[in-house]
Amino acid sequence: MTDPANVTTFQLRKDDLTNTRVITAAHTALQAGQIRVHIDKFALTSNNITYAAFGDFMSYWQFYPTGVDGWGVIPVWGFGNVVESLCDGIATGERLYGYWPMASHTVLTPARLNEGGFSESAPNRAKLHALYNVYLRTRRDPFYTPATEDLQALLRPLFVTSFVIDDFLADNAFFGATTMLLSSASSKTAYGTAYQLFKRPGVEVIGLTSERNRSFCESLGCYHRVVTYEELATISADTPCVYIDFAGNAGLRAQVHTRFTALAYSSAIGATHVNDMALPNDLHGPAPVQFFAPSQIKKRQADWGHAAFGQHLVAAWSGFCRSVAHGAQPWLSVQQHHGVNAVQRIYPQVLGGHGDARIGHVLAL
């Protein structure tokens, strides 16, 4: 375990995600209004690799800057406990859910406190999207149960994205298409999206995956069909379809755009294949559009109101958790890892897309 007198941080080169280092330094003194949080657990998934892959383009590196040129810290979702507080209204011992660095501790400057939580007000985060700056007090969080902490760390932020992708497509009448093609179908955000889409009448959900992950995807029961990347030609070329790209594989994207003459929309979500991310300049059909969940969340909160949006989301989450965690063959099995060596061992596996799709990694430094 790490030394509680110091902060340990896992960093990586922004231009080479395989190049990592661990930095240990003494805690800095808190300023008035700040709190220190011990990050008790966080999830590491392909979603976090997407944060790194799009770190400059979508400002993910700015949340926890290292102060050293070329080095960054990946943001992660999980839980932490307040271990020191100079902020009125926040006591030591409070448990928080939110967006942390890959580190043992972090310092926050809370603002706009209420019974449910607060917003981080550090100057470097002032222009970043508010969704990522909110920290929730678990005692008032409608999502929270102690027994599902690991599932929340692993799946909650991904399922929020899945829920919003499904809502965005429905909000746009699926762009006139009847078939949804989901790449990297074994990834958690993809199968969360498929879980939502599968319930839509008149919509066929096809999961695209590797031969290695075919049986896993078929076992989930949320895809009408599972097709390997090599079998793309078995889907009729004139199928009116939407491509929902969780892989970020440029070659696969080009194949989809070339084959499907009735491709109605192409949505770029993530980057599980970070080594194949280059975007071709001569794609057939509609140009891929980068999906940004906070924009659709903002729209729906305006349409429905914040409370109603939260109620819809929590209801969907509860059903999803039942599917994921229960039944004869649960979709997800959690593995917990502690310490620097464990993080250094698991990170390359997640970066490379290796390992069992049914395994979820929850870590602590």
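Below: a short report on this structure. Model, not experiment: these values are computed from the prediction. Each chain carries its own residue numbering, running from 1 in the direction its sequence is written. Only residues with pLDDT of at least 70 are given local features in this predicted model, and only at 80 or more are side-chain atom pairs given and counted; all residues enter the totals for whole chains, interfaces and linings. For side-chain calculations, the full set of non-hydrogen atoms in the structure is used, while hydrogens and water are omitted.

Regarding the sheet that holds strand 16 (residues 289-290)
The pairing of strands in a sheet happens through backbone hydrogen bonds and is either parallel or antiparallel.
Stage number 1. With respect to topology, six strands assemble into an open sheet ordered 13-12-11-14-15-16, the strand pairing being parallel. Because the sheet does not close on itself, it has two edges, and the strands there are strand 13 (225-228) and strand 16.
Stage number 2. Sheet topology note: the strand 15 (residues 263-268)/strand 16 ladder contains two bridges and is parallel. Pairing of Ala268 across the sheet is with Gln290, part of strand 16.
Stage number 3. By definition in these notes, contact holds between two residues if any of their heavy atoms fall within 4.5 Å. Note on method: axes are straight lines fitted to C-alpha atoms, helices fitted across the in-contact stretch only, with angles between N-to-C directions ranging 0 to 180 degrees. The helix and strand labels rest on DSSP assignments: H or I over at least four residues marks a helix, E over at least two residues marks a strand, and numbering proceeds from the N terminus. Against the sheet, helix 3 (residues 188-197) makes contact with strand 11 (179-182), strand 12 (204-209) and strand 14 (241-245), and its axis sits at roughly 165 degrees relative to strand 11, the strand it touches most. Here, any two strands with at least 2 DSSP bridges between them count as paired.

Focus on empty space enclosed by the protein
Stage number 1. Two kinds of site are reported from a 1 Å grid over the protein atoms alone, namely cavities, where a 1.4 Å probe fits but cannot get out, and pockets, open sets with protein on both sides within 12 Å along at least five of seven lines, and residues are called lining when an atom falls within 4 Å of a point. Grid points are joined across faces, edges and corners, and a volume is the space filled by probe spheres set on the points. Scanning all chains against the criterion turns up one cavity of 30 Å³ or more.
Stage number 2. Within this model, the largest cavity holds a volume of roughly 30 Å³.
Stage number 3. Taken together, Ala43, Thr45, Asn47, Asn48, Trp77, Ala153, Leu154, Pro157 and Leu158 form the lining of the largest cavity.
Stage number 4. Of all elements in the fold, only helix 1 (46-53) and helix 2 (149-171) reach the threshold of two or more residues within the lining of the largest cavity.
Stage number 5. Here the element with the most residues in the lining of the largest cavity is helix 2; it accounts for four residues.

Points about the environment of Glu115
Stage number 1. For Glu115, the position within the fold is in the loop between strand 8 (110-111) and strand 9 (117-120).
Stage number 2. By relative accessible area, which is 46% here, Glu115 ends up partly exposed.
Stage number 3. For Glu115 and Val343, which are 228 residues apart along the polypeptide, the C-alpha to C-alpha distance reads 34 Å.
Stage number 4. Among all residues touching Glu115, those that are not within four sequence positions of it are Arg137, Arg139 and Arg140.
Stage number 5. Two N or O atoms form a polar contact when they lie within 3.5 Å of each other; inside protein one atom must be a possible hydrogen donor and the other a possible acceptor, and for residues adjacent in sequence the pair counts only when both atoms belong to side chains. Within polar-contact distance, the side chain of Glu115 engages the side chain of Arg140 at 3.2 Å. Only protein chains enter the area calculation, which uses a 1.4 Å probe; residues under 20% of their type maximum are buried, those over 50% are exposed, and those in between are partly exposed.

As for the packing of helix 6 (residues 293-304) against helix 7 (residues 306-325)
Two quantities define a packed helix pair, namely the angle between the axes and the distance from one axis to the other.
Stage number 1. For the pair helix 6 and helix 7, the least separation of the axes is 6 Å and the interaxial angle reads 115 degrees. With respect to helix 7, the element helix 6 is oriented roughly perpendicular. Judged by the twist between their axes, the crossing of helix 6 over helix 7 is right-handed. On the side of helix 6, the interface is formed by Ile297, Arg300, Gln301 and Trp304, while helix 7 contributes His306, Ala308, Phe309 and His312.
Stage number 2. Ten residue types, Ala, Val, Leu, Ile, Met, Phe, Trp, Tyr, Cys and Pro, are classed as nonpolar, four, Asp, Glu, Lys and Arg, as charged, and the remainder, Gly among them, as polar. Of the residues in the contact of helix 6 with helix 7, the class split is four nonpolar, three polar and one charged. Every angle not falling under 35 degrees, over 145, or within 65 to 115 is termed oblique; those three ranges are roughly parallel, roughly antiparallel and roughly perpendicular. Handedness of a helix crossing follows the sense of rotation of the near helix relative to the far helix, less than a right angle counterclockwise being left-handed and clockwise being right-handed.

Observations regarding the pairing of strand 10 (residues 134-137)
Stage number 1. Burial along strand 10 is one-sided: the residues Tyr135 and Arg137 are buried and none of Val134 and Leu136 is.
Stage number 2. As paired elements, strand 6 (residues 95-101) and strand 10 share two bridges and run antiparallel to each other. Pairing of Leu96 across the sheet is with Arg137, part of strand 10.
Stage number 3. Pairing between strand 9 and strand 10: three bridges, direction antiparallel.

A word on helix 1
Stage number 1. Of all eight residues in helix 1, six are buried, a share of seventy percent or more.
Stage number 2. For helix 1, every residue scored as buried is listed here: Asn47, Asn48, Ile49, Thr50, Tyr51 and Ala52.

Some details on the environment of Gly116
Stage number 1. Its location among the elements puts Gly116 in the loop between strand 8 and strand 9.
Stage number 2. Separated by 107 residues in the primary sequence, Gly116 and Tyr223 place their C-alpha atoms 36 Å from one another.
Stage number 3. Discounting chain neighbours no more than four positions away, the residues touching Gly116 are Tyr135, Leu136, Arg137 and Arg140.

A few points about the pairing of strand 14
Stage number 1. The buried fraction of strand 14 amounts to five of the five residues, a majority that puts the element mostly inside the structure.
Stage number 2. Burial of strand 14 is two-sided: the residues Cys241, Tyr243 and Asp245 facing one way and the residues Val242 and Ile244 facing the other way are all buried.
Stage number 3. Alignment of strand 11 against strand 14, held across four bridges, turns out to be parallel. Bridging across to strand 14, Leu181 finds its partner in Tyr243.
Stage number 4. Summarising the sheet, strand 14 and strand 15 pair through five bridges and their orientation is parallel. Note on strand 15: the bridge partner recorded for Tyr243 is Ser266.

Considerations on the sheet that holds strand 4 (residues 71-72)
Stage number 1. Reading across the sheet, the three strands line up as 2-1-4 and stay open at both edges, with antiparallel pairing between neighbours. Edge strands, defined here as strands with exactly one partner in the open sheet, are strand 2 (16-26) and strand 4.
Stage number 2. As paired elements, strand 1 (residues 6-13) and strand 2 share eight bridges and run antiparallel to each other. The partner of Phe10 across the bridge, within strand 2, is Val22.

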